[in-house]
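Commentary on secondary and tertiary structure
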Amino acid sequence: MIDTQALRLEQLQRAGDVIRHDDFLQNPPVFIAGADVGFEQEGEVTRAAIAILRYPSLELVEYQVARITTTMPYIPGLLSFREYPALLAAWEQLQQKPDLIFVDGHGISHPRRLGVASHFGLLVNVPTIGVAKKRLCGTFAPLDSAAGALAPLEDKGEQLGWVWRSKARCNPLFIATGHRVSTASALAWVQHCMAGYRLPEPTRWADAIASRRPAFLRWLQLHPEMSP
């Protein structure tokens, strides 16, 4: 039996440790990571992919994928506990640790201010940004349909992040501090890492690697030495 009350209390405690201002050891970062988590075999296996890109060229220089037995069922609001073990497993495999991490998920834009980007950022103590595809909590003003439309994401009188339409006719992204990054810088860094797609390059590559999308398979053909 999972003690969900204890896990929610842990979230509140850890949220108090999140650093919400810029605390970069390497600024600008030389290596930016994208992290993506998914589930296979009807949820029995957790898969995490981490892509390492060189900044500012956004060239993919390393990637790692970890698959582990899922340790926890899906419980709304507690997803980070289900996802971070595989992220840590992929992190341990990296030869080049990044200076900044984009996580496909929420940072402080979480009811208890501890989404997976914040949780993972605390565990590895690296500046981290949450880049989520769907709202988890908070409200925002209606966005214009044009690319670049922007609104603050707010909850209980607090700005949690940004809602930003990165590409016309696409759903917006929800961008928030994970750890050791300010709200303003979280948005700026995501904008610095765009290349014409809905997602920023770090998480776009992590998703492509995790799902073995055509773009990644074409990249592997050009870099056979990087094949697993």
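Quick caveat: nothing in here was measured; it's all calculated off a predicted structure. By convention here, each chain's residues receive numbers from 1 onward along its written sequence. Confidence filtering applies because this is a predicted model: local features only for residues at pLDDT of at least 70, side-chain atom pairs given and counted only at 80 or more, and all residues used for totals across whole chains, interfaces and linings. To obtain the side-chain values, all non-hydrogen atoms of the structure were included, while hydrogens and water were left out.

**Re the sheet that holds strand S3 (residues 59–69)**
In this scheme, strands are said to pair when DSSP sees at least two bridges between them. Numbering of helices and strands starts at the N terminus; helices are DSSP runs of H or I of at least 4 residues and strands are runs of E of at least 2. Sheet architecture is open: eight strands sit in the order S3-S2-S1-S4-S5-S8-S7-S6, paired in mixed fashion. Looking at the sheet topology across the chains shown, the edges are occupied by S3 and strand S6 (150–155). With strand direction ignored, the average angle separating the axes of adjacent strands in the sheet is 25 degrees. Summarising the sheet, strand S2 (residues 45–54) and S3 pair through 10 bridges and their orientation is antiparallel. Across the sheet, residue Ala49 finds its bridge partner in S3, namely Val65. A fitted line through C-alpha atoms represents every axis, and for helices the fit uses only the stretch in contact; the resulting angles, taken between N-to-C directions, go from 0 to 180 degrees.

**Thoughts on the pattern of salt bridges**
When a carboxyl oxygen of Asp or Glu is within 4 Å of a side-chain nitrogen of Lys or Arg, the pair counts as a salt bridge. Inspection of every chain in the model, using the stated rule, returns 11 salt bridges. A salt bridge links Asp23 to Arg180; its shortest N-O distance comes to 3.1 Å. Pair noted here: Asp23 is in the loop between helix H1 (4–15) and strand S1 (31–40) and Arg180 is in the loop between strand S8 (173–179) and helix H4 (183–192), with a separation of 157 residues, a long-range link. Under the scheme applied here, a residue whose accessible area is under 20% of the maximum for its type counts as buried, over 50% as exposed, and between as partly exposed, the area being computed with a 1.4 Å probe on protein chains only. Note on Asp23: relative accessible area 27%, which makes it partly exposed. Here Lys133 ties to Asp104 by a salt bridge, and the two come within 2.5 Å at their closest N and O atoms. Residue Lys133 is located in the loop between strand S5 (128–132) and S6, and its partner Asp104 is located in the loop between strand S4 (100–103) and helix H3 (116–124); the two are separated by 29 residues in the primary sequence. Overall, the relative accessible area of 33% leaves Lys133 in the partly exposed class. Bridged by salt links that share partners, the residues Arg20, Arg113, Asp155 and Glu158 form one connected network.

**Re the UniProt feature "binding site: Mg(2+)" (unreviewed entry) in the protein chain**
According to UniProt, the positions carrying the feature "binding site: Mg(2+)" (unreviewed entry) are Asp36 and Asp104. The greatest C-alpha distance among the annotated residues, which extend across 69 residues, is 5.3 Å, indicating that they converge on a single site. The subset of these annotated residues that lines the largest pocket comprises Asp36 and Asp104. Mapped onto the secondary structure, Asp36 falls in strand S1. Its relative accessible area of 7% is what places Asp36 among the buried residues. On the basis of relative accessible area, Asp104 is assigned to the buried category, the value being 18%. Contacts are assigned to residue pairs with any non-hydrogen atoms lying within 4.5 Å of each other. In contact with Asp104, other than residues within four places in its own chain, are Ala35, Asp36, Val116, Val131, Lys133 and Thr203. UniProt positions are given in the numbering used here, feature names are shortened, and annotations may be inferred rather than shown by experiment. For cavity detection a 1 Å grid was placed over the protein atoms alone, and a set of points counts as a cavity when a 1.4 Å probe fits there but cannot get out; an open set counts as a pocket when protein lies on both sides within 12 Å along at least five of seven lines, with lining residues being those that have an atom within 4 Å of a point.

**Side note on the side chain of Arg113**
Mapping Arg113 onto the fold places it in the loop between S4 and H3. In this structure Arg113 comes out as buried when scored by relative accessible area, which is 11%. Residues contacting Arg113, with those up to four places away along its chain left out, are Ala15, Arg20, Gly107, Ile108, Ser118, Cys137, Asp155, Lys156, Glu158 and Leu160.

**Topic: the nonpolar core**
Soluble globular proteins tend to pack their nonpolar side chains together in the buried interior. Side-chain atoms within 4.5 Å are what join buried Ala, Val, Leu, Ile, Met, Phe, Trp, Tyr and Cys residues into a set we call a nonpolar core. In this structure, Leu100, Phe102, Ile129, Ile175, Trp189, Val190 and Phe216 are the most contacted members of the largest nonpolar core, which totals 33 residues. If you tally residues by element for this core, the top one is helix H5 (residues 201–211), at five residues. Setting aside chain neighbours within four positions, we find Phe216 in contact with Tyr63, Trp205, Ala208 and Ile209. Residues Ile50, Ile101, Ala117 and Val126 belong to the second largest nonpolar core, which totals 20 residues.

**So, the environment of Leu199**
The topology assignment puts Leu199 in the loop between H4 and H5. In the structure, Leu199 is positioned 67 residues away from Ala132 in sequence and 9.5 Å away in space, judged by C-alpha atoms. Ignoring sequence-local partners within four residues, the contact set of Leu199 consists of Lys133, Leu173, Met194 and Arg204.

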